[in-house]
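Observations on the three-dimensional arrangement
For reference, the chains in residue letters:
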Protein chains: 2
Amino acid sequence: MEQEKIVDLEKVTKIKKIMPSDDLLFDIAEVFKVLGDTTRMKIISALLESELCVGDIAEITNSTQSAISHQLRVLKQAKLVKFRKEGKAAYYSLDDEHISTLYEIAKKHIEEGYEHR
Amino acid sequence: MEQEKIVDLEKVTKIKKIMPSDDLLFDIAEVFKVLGDTTRMKIISALLESELCVGDIAEITNSTQSAISHQLRVLKQAKLVKFRKEGKAAYYSLDDEHISTLYEIAKKHIEEGYEHR
DNA sequence: TTATCGTATGAATAATTGTTCATATATTCA
DNA sequence: TGAATATATGAACAATTATTCATACGATAA
C-alpha cells in the first residue's frame, strides 16, 4: 500500500544551498515588478529615445501629468530613471544601460514567441 | 502675462512615431510583470539550477503545492517555463535562454546599486 | 507681488492579484 | 478495484496598486 515518493531530498537540499538569499530574490523581483506596467513601460520606451520632461512624457503616453509623475517616482525609487531640474522643468532619463538591455531582451522574447505559432 | 511653454512639440511627435505599438509595449510589460513576483522569482531561480517537479519546487521555496501550481501556470502562459509529464510527476524547466539573461542583468543592476551607497 | 506654468503629492476609488482551502483529475501499485 | 501520490483548479478573501481629483509647491515673467 505504501508507494515510493518522488521528492528528491538530496537535489532539494543542494539547490536550497545554492539559491540566492530571499532578500536578493525579492529585490530582483522588485525591479521586474516596476518594469511590469504598461504605463511605466511606455515611459521607458520613450526615454530610450531621448531625455524628456514630465509634460512631454504625458503627451507621448496619452496619460495625465499626475499619473506620469506618480509613475516616475516609482521608477526613480527603483533607480531605473534619474532626473535633473532646469528651471520649472524636470528632465528625466534612463539611469543605466541595464534598462535598455532588459527591454531589448524582453522584446526579443516576445517576437520569437510570435514566430513559433 | 502669457509665458512661453516648455513642451517641445517636434520632439514629442517624432518620438510618438518611433515608439513601438501599444500592443508590443503591453506584451513586454507583461513579461516583466510575470517575473515581478517573489514566489515566481524563487521558482525561476531554482529552475536555473535544474529541472524540477512541482513538489520539489514547493519544498525549495517554502510554499504550498497549490500556490506553486498556480504560479507555474502563470509562468507557463507567459512561455517562461515549459514542462514534461512523467508518470505522476510534472517536470518543469526554463523555456529559453532569455530568462536566465534577464535574471542575470537584473541581479547585476541590484548589486551595482548597492555599491553606489 | 501676482499670474502662470511645470511638477509633486495625498486621499480615495476601482481593479488586479497571490494565497488558501477544498476538491477534482490522473497515475501507479497492491 | 481501492488506496496513495502528484498535480491542477475554482472560489473566496486579503492585500496591493494605478489612476483620478484636488491641491500644494517652486520657478519664472510681467
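Look a little higher up for the structure.
Throughout what follows, the structure given in this document is the object of discussion. All chains use their own residue numbering, which begins from 1 and follows the written sequence. Here the convention is simple: chains get letters from A, ligands get numbers from 1, in the order in which they are written. Two thresholds apply to this predicted model, a pLDDT of at least 70 for residue-level local features and 80 or more for giving and counting side-chain atom pairs, whereas whole-chain, interface and lining totals are computed over all residues. Just so you know, side-chain values use all the structure's heavy atoms and leave hydrogens and water out.

**Concerning the environment of S93 of chain A**
All names here are of chain A. Formally: Numbering of helices and strands runs from the N terminus; a helix is a DSSP stretch of H or I covering at least four residues, while a strand is a stretch of E covering at least two. The contact criterion used is simple: two residues touch if any of their non-hydrogen atoms lie within 4.5 Å.
Among the structural elements, S93 can be located in strand 3 (residues 89–94). Taking C-alpha positions, S93 is 17 Å from A67, a pair spaced 26 residues apart along the chain. Contacts of S93, omitting those with residues within four sequence positions, involve L47, E51, L80, V81 and K82.

**Some thoughts on the relation of the copies chain B and chain A**
We count it as follows: Copies are brought into register by a least-squares superposition over C-alpha atoms of residues with pLDDT of at least 70 in both.
If you rotate chain B by 180 degrees and push it 0.0 Å along the axis, it lands on chain A with an RMSD of 0.0 Å. Taken together, the turn and the small shift mark the pair as related by a two-fold rotation axis. Both copies present the same face, since 100% of the interface residues in chain B are matched by interface residues at the equivalent positions in chain A.

**Some thoughts on the interface of chain B and chain A**
As a reminder of what qualifies: Reported buried area values correspond to the accessible surface (1.4 Å probe) lost by two parts on association, with both partners' losses combined. Throughout this description, the term salt bridge denotes a Lys or Arg side-chain nitrogen within 4 Å of a carboxyl oxygen of Asp or Glu. Whenever a nitrogen or oxygen atom comes within 3.5 Å of another N or O atom, the pair is scored as a polar contact, on the condition that within protein one atom can donate a hydrogen and the other can accept it, and that pairs from neighbouring residues in sequence are kept only if both atoms are in side chains.
On the side of chain A, 61 residues touch chain B, which itself brings 61 residues to the contact. Summed over both partners, the interface of chain B with chain A buries about 5,400 Å², with 70% contributed by carbon and sulfur atoms. Scanning the region where chain B abuts chain A turns up four salt bridges. The partner of D22 of chain A in a salt bridge is K42 of chain B, and the shortest N-O contact between them spans 3.4 Å. Summed over the shared surface of chain B and chain A, the result is 10 residue pairs in polar contact (both at pLDDT 80 or more).

**Here we look at the environment of K17 of chain A**
Residues and elements named next belong to chain A. Test applied: Burial status follows relative accessibility: with a 1.4 Å probe on protein chains alone, a residue under 20% of its type maximum counts as buried, one over 50% as exposed, and anything between as partly exposed.
Within the secondary structure layout, K17 lies in helix 1 (residues 9–18). Its relative accessible area of 75% is what places K17 among the exposed residues. With 72 residues separating them along the chain, K17 and A89 place their C-alpha atoms 49 Å apart.

**Structural notes on the sheet that holds strand 2 (residues 81–86) of chain B**
Residues and elements named next belong to chain B. Formally: Two strands pair if DSSP finds at least two bridges between them. Simply put, an axis is a line fit to the C-alpha atoms, just over the touching stretch for a helix, and the angle between two N-to-C directions goes from 0 to 180 degrees.
Strand order in the open sheet made by the three strands is 1-3-2, with antiparallel pairing throughout. Of all the strands in the sheet, the pair left with one neighbour each is strand 1 (52–53) and strand 2. Alignment of strand 2 against strand 3 (residues 89–94), held across six bridges, turns out to be antiparallel. Within strand 3, the residue paired with F83 across the bridge is Y92. Lying over the sheet, helix 3 (residues 38–47) contacts strand 1, strand 2 and strand 3, oriented at roughly 90 degrees with respect to strand 3.

**Concerning the packing of helix 1 of chain A against helix 4 (residues 54–61) of chain B**
Where we set the bar: Reported orientations rely on four angle classes, namely roughly parallel under 35 degrees, roughly antiparallel over 145, roughly perpendicular from 65 to 115, and oblique for the rest. Note on convention: the crossing is left-handed when the near helix lies turned anticlockwise from the far helix by less than a right angle, right-handed when the turn is clockwise. When residue character is reported, Ala, Val, Leu, Ile, Met, Phe, Trp, Tyr, Cys and Pro are called nonpolar, Asp, Glu, Lys and Arg charged, and the others, Gly included, polar.
Across the interface, helix 1 of chain A lies against helix 4 of chain B with an axial gap of 10 Å and an inter-helix angle of 40 degrees. Classified by the angle between their axes, helix 1 of chain A and helix 4 of chain B sit oblique to one another. Where helix 1 of chain A crosses over helix 4 of chain B, the two elements pack in a sense that is right-handed. Taking contact as the criterion, the partners of V12, I15 and K16 of chain A in helix 1 of chain A are, on helix 4 of chain B, D56, E59 and I60 of chain B. When the residues that make up the contact of helix 1 of chain A with helix 4 of chain B are grouped by side-chain class, the tally is three nonpolar, no polar and three charged.

**Regarding the nonpolar core**
As a rule of thumb, nonpolar side chains are buried together in soluble globular proteins. Heads up, the rule is: Nonpolar cores are built from buried Ala, Val, Leu, Ile, Met, Phe, Trp, Tyr and Cys residues. Side-chain atoms within 4.5 Å join them into one set.
Counting 71 residues, the largest nonpolar core has F32 and M41 of chain A together with F32 and M41 of chain B as its most contacted members. Setting aside anything within four residues of it in sequence, one finds F32 of chain A in contact with L102 of chain A together with F32, K33, L35, G36, M41, L102, Y103 and A106 of chain B.

**Notes on the pattern of salt bridges**
Charged atoms that come close allow side chains of opposite charge to pair. Residues and elements named next belong to chain A. Per the stated rule, a full pass over the model turns up 10 salt bridges over all chains. Its salt-bridge partner being E30, residue K33 comes within 4.0 Å of it at the nearest N-O pair. Of the two residues, K33 and E30 both sit in helix 2 (residues 22–35), three residues apart, roughly one turn of that helix. For K33, a relative accessible area of 41% gives the class partly exposed. Among the charged side chains, a salt-bridge network with shared partners connects E51, R84 and E86.

**Focus: the sheet that holds strand 3 of chain A**
All names here are of chain A. Strand order in this open sheet of three strands is 1-3-2, and the pairing throughout is antiparallel. Strands with a single pairing partner mark the edges of an open sheet, and in this sheet they are strand 1 (52–53) and strand 2 (81–86). Strand direction decides the pairing type here: strand 1 and strand 3, joined by two bridges, are antiparallel. Note that in strand 3 the partner of L52 across the bridge is Y92. Lying over the sheet, helix 3 (residues 38–47) contacts strand 1, strand 2 and strand 3, oriented at roughly 90 degrees with respect to strand 3. Its contacts with the sheet place helix 5 (residues 65–77) against strand 2 and strand 3, and it is angled at close to 120 degrees to strand 2.

Honestly, it's all geometry; don't read function into it.
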